[in-house]
Each structure stands twice: as C-alpha cells, then as structure tokens.
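For reference, the chains in residue letters:
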Amino acid sequence: MAAARLAGRARAEDEDLLVPPPSPGREEPINTTRDANRFMFPSITSWWRHLNKGKAVTVIVLVYVNLINYMDRSTVAGMLEKIKQDKNFNITQDKYLGLLQTAFVACYMLFAPVFGYLGDRHSRKWLLAIGISFWSLSTLIGSFMHNFWLFLMFRALVGIGEASYSVVAPAIISDLFAKDQRSSVLALFYFAIPVGTGLGYIVGSEVAGATDDWRWGLRVTPIMGALAVFMIIFIMQDPERGAADGSKLKPTSPISDLKSLVRNKSYVFATIAFTCVCYVAGALMWWGPNFAFVGAKAACGNKANCGDITLANVSFKFGIVMTLSGLLGVPAGSYISQIIRHQVPNADPIVCAVTLLVSVPILFFGFVTANYSLSLCYGLTFFAGLLLNANWSIV
C-alpha cells in the first residue's frame, strides 16, 4: 500500500493531515509529487525548529555590517572623478586621490592590532558599537568638508573605526561555530566583502548622479551604520571566548602573543601572501573603474557616441562585475577547499596558490584590453575577481 510505504519512511507527526486516508480494501496510487512535498516541508520546518536563532541573528548582523564597511570604502572610489573636479579641493594630480586610500589604510593598519588586543580583554559588543559609530560619524562629517586636507583627515579616521570591526567580528564567529560549520559561516561573512565593494560603486555613483552632488553619495552608509549599531547593542550575541571549541581562553601578554605568532611559519607566510592579495584587491577597487574609463575613452577616440562613456556608467558596471565575482568566487573557494580537505591535508594553501597564480595573467590582460574592448575588459576582470575572491573565506 502507498500509505504503508510512506509511513515506513516518515514520522507520524509529518503526515499530511489535509490528505484523507485511503478507503479500507482500496489501493491508492502513488502520488510522487505529494510525497516529495510531504518530505520537503517537514524538513524546512524541522530546520527552522532546530535553528539556533540567536546565532543566526548574530551572523546576519555581522554580515550586514561587513557589507556596509566595504560599501563605505568603495563609495569614494566610484566618485573619484567628481571629487577631483570639486573646485573647493583644487586637486591637480591623481596622487592626491590615491592619498585618500593611503591615509585610510595607514590608520587601519596601525589600529587593527590595538583593537585585537582590546577584543581579547573587553566587551566585543561595545567595541563594535563604538567603532561603527566612530566611522559612521567620520564619514558623515567628512562629507561636509570643503577643504581637501580636512576631508583627508576624516577619511583616515574612518580607517580607525573600521579596524575595530574587521578584527573583532571574525573572532566572534569563531567562538560561535566549530570546524566545517565555522568555515561555512566565515565564507558567508567574507562573501559581503566583494558584494559590498560592488554595491559601493553603484550606490556612490548613482546617488552622486541623482543629487548632482558627490557628497550625498557618502551619506548613505552612515545611515545604514546607525541601524547596525542598534542591532549590535540590542540583538547581537557576544559568546565566551573559545566557547565553540569547549575551552575557556584567557588573554596572555602581548609580547608572548607576538613571539608565538612569529614562531608560527604558516601564519607568517599567510600574512605576507594575503598582504599581497589585499594590495592587488585595493588597487583594483580604487583605480579599476578609472583605468577602464580612460582605456575606453582612448579606444573610442573621436567616434560618435563617445560622450556616452562616463565614469559613472563605468563605475556602475564595474560594481556589477565585482558583485557577481564575489557572489560566485567566495562560496566556490570555500566549497572546493572543504571538498578536497579530507583527502589533501594542505588543501587550503593549494587552493589559494592556484587561484592567485591563475588570476595574475587574466587580470593583466583584462586591463590591457581596456584600450580595445571595454566588454572584454569587464569579462576578464570578472574572472580575475572570481579567482581572487576564492581566497577570502579560506585564509
């Protein structure tokens, strides 16, 4: 009997109460569609019932904040031409535009270890709330500056605020989850980096174009930052350090920490290698749209419709390319690494090395082709971004 066969595979409480039982002595034909649905919906219900909603909400909050962190960084990159044309700033050379990112990175680099030290000893929830409030206010106040050097100072202060989050948030995730589950959640967390970067280009260029004032492009992420601070304070969990691994970690002295890290060769080489990755990703994020724009204008020359090629349009499409490469690259890198990790002990560094090596010629020829075909430039940049993004969740 169909009902008997189904009962052998499903629990009593999973039975579809809307379907009447077969009449006595009458054999009911098997309804495969109903069987499939009967197993699908109880499984979703069971998943929701067993889901740790506190952890899930915490992950959602952390991913959201990571998203707006990188949105804020690339918003400026999507408006560089408009910033350069601002008469109040009187920018005569592109090196001053590069200085905006240099100041940000310098403060970020200097204060990240400080927040790492504080994160091991104080409330991580309040460190995040204070840090995000700081960079949101710095971005907002900086948007009102009409002096380039004051604007530069506030962009540097943004680096201090963002350093608090980037150091503390992954540690919270590590204390919530263990082993492969931790890798999957970290993949989701780092998934927000390329997506946020792409959205930053789009939001910055579109808002600046809609308002005819590039400063409004910087005022979107502070509003989103205020929402993030509210969620961190009232709904995010801050687990005990080492909770996921069943251990109670206690902070040690900074000197002993440094000595231990220096002796860890894997950590040292991974740090050096990932510094190179961040250098490439940062240069691609900051100068990529401008490079493609200049190449496209040079290729077009004096042809008709060359005026349709604008930096805003290129930044918009570049944002879509970076977003799509992140949507596919981050989970792909994590998935491939987890699949081969059980057979190959050093799967993670192998995946990182292979993807990075392959990305080099693709990225190089991607920007060379900007002088000939903007579409080909976008295509090759997408594949290069796909390979670069495969590293984020693994490292």
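Residues numbered from 1 in each chain as written. Predicted model: local features only at pLDDT ≥ 70, side-chain atom pairs only at ≥ 80, totals over all residues. Heavy atoms only, no water.

Break down the overall build of the protein for me, citing the residues and quoting the values.
On a plain count of helices and strands, the protein comes out with 14 helices and zero strands. When the 395 residues of the protein are sorted by exposure, 44% land in the buried category. At a minimum sequence separation of 6, the contacts of the protein that also span at least 24 residues come to 81%. Put simply, the protein shows about 20900 Å² of open surface, and 68% of that area lies on carbon and sulfur atoms. (Helix = DSSP H or I, 4+ residues; strand = E, 2+ residues; numbered from the N terminus. Buried < 20%, exposed > 50% of the residue type's maximum accessible area, 1.4 Å probe, protein only. Contact = heavy atoms within 4.5 Å. Areas by Shrake-Rupley, 256 points an atom, 1.4 Å probe, with all protein chains shown as cover.)

A description of helix 7 (residues 148-176) should follow, citing residues and the corresponding values.
Counted at 1.5 Å a residue, the expected span for helix 7 with its 29 residues is 42 Å, and the 43 Å between its end C-alpha atoms agrees. The axis of helix 7 is deflected most strongly, by about 25°, at Glu 162. Summarising burial for helix 7: 22 of the 29 residues are buried, a large majority. The backbone nitrogen of Trp 149 lies 2.9 Å from a side-chain oxygen of the residue at the head of helix 7, namely Asn 147. (Expected span 1.5 Å × (residues − 1). Bend = angle between axes of the 7 residues up to and from the residue. Polar contact = N/O pair within 3.5 Å; in protein donor to acceptor, adjacent residues only side chain to side chain.)

Mind laying out the packing of aromatic side chains, listing which residues take part and the relevant values?
Counted by the stated rule, this structure contains 15 aromatic pairs. Measuring from ring centre to ring centre gives 5.1 Å for Phe 189 and Tyr 190, while their planes differ by 75°; the resulting arrangement is edge-to-face. Grouping residues by exposure puts Phe 189 and Tyr 190 together as buried. Each member of the aromatic cluster is reached from another via a ring pair, and the members are Phe 89, Tyr 96, Phe 148, Trp 149, Phe 151 and Trp 214. Over the aromatic face of Tyr 70 sits the side chain of Arg 73, whose NZ or CZ is 4.1 Å from the ring centroid. The ring of Phe 144 has Arg 219 lying over it, and the distance from NZ or CZ to the ring centre is 4.1 Å. (Phe/Tyr/Trp six-rings, centres within 6.5 Å; stacked < 30°, edge-to-face > 60°. Lys NZ or Arg CZ within 6 Å of the ring centre and 35° of its normal.)

Describe the confidence of the model for the protein, listing the residues and the values that go with them.
Per-residue confidence for the protein gives a mean pLDDT of 82, with 87% of residues at or over 70. Predicted confidence is poor over residues 1-20, with pLDDT under 50, and the contacts of this stretch with residues over four places away or in other chains come to 23 contacts. Segment residues 34-42: pLDDT under 50, and 16 contacts once partners within four positions in sequence are set aside and those in other chains are kept. (pLDDT = per-residue confidence, 0-100.)

Run through the nonpolar core, naming residues and quoting values.
Core analysis: the biggest nonpolar cluster contains 86 residues, and Leu 62, Val 65, Leu 128, Ile 132, Tyr 165, Trp 214 and Ile 232 have the highest contact counts within it. Counting residues per element, this core draws most heavily on helix 7, at 14 residues. Discounting residues that sit within four places of it in the chain, Leu 62 has contacts with Leu 128, Tyr 165, Ala 169, Ile 172, Ile 173, Phe 189 and Met 236. (Core = buried A, V, L, I, M, F, W, Y, C linked by side-chain atoms within 4.5 Å.)

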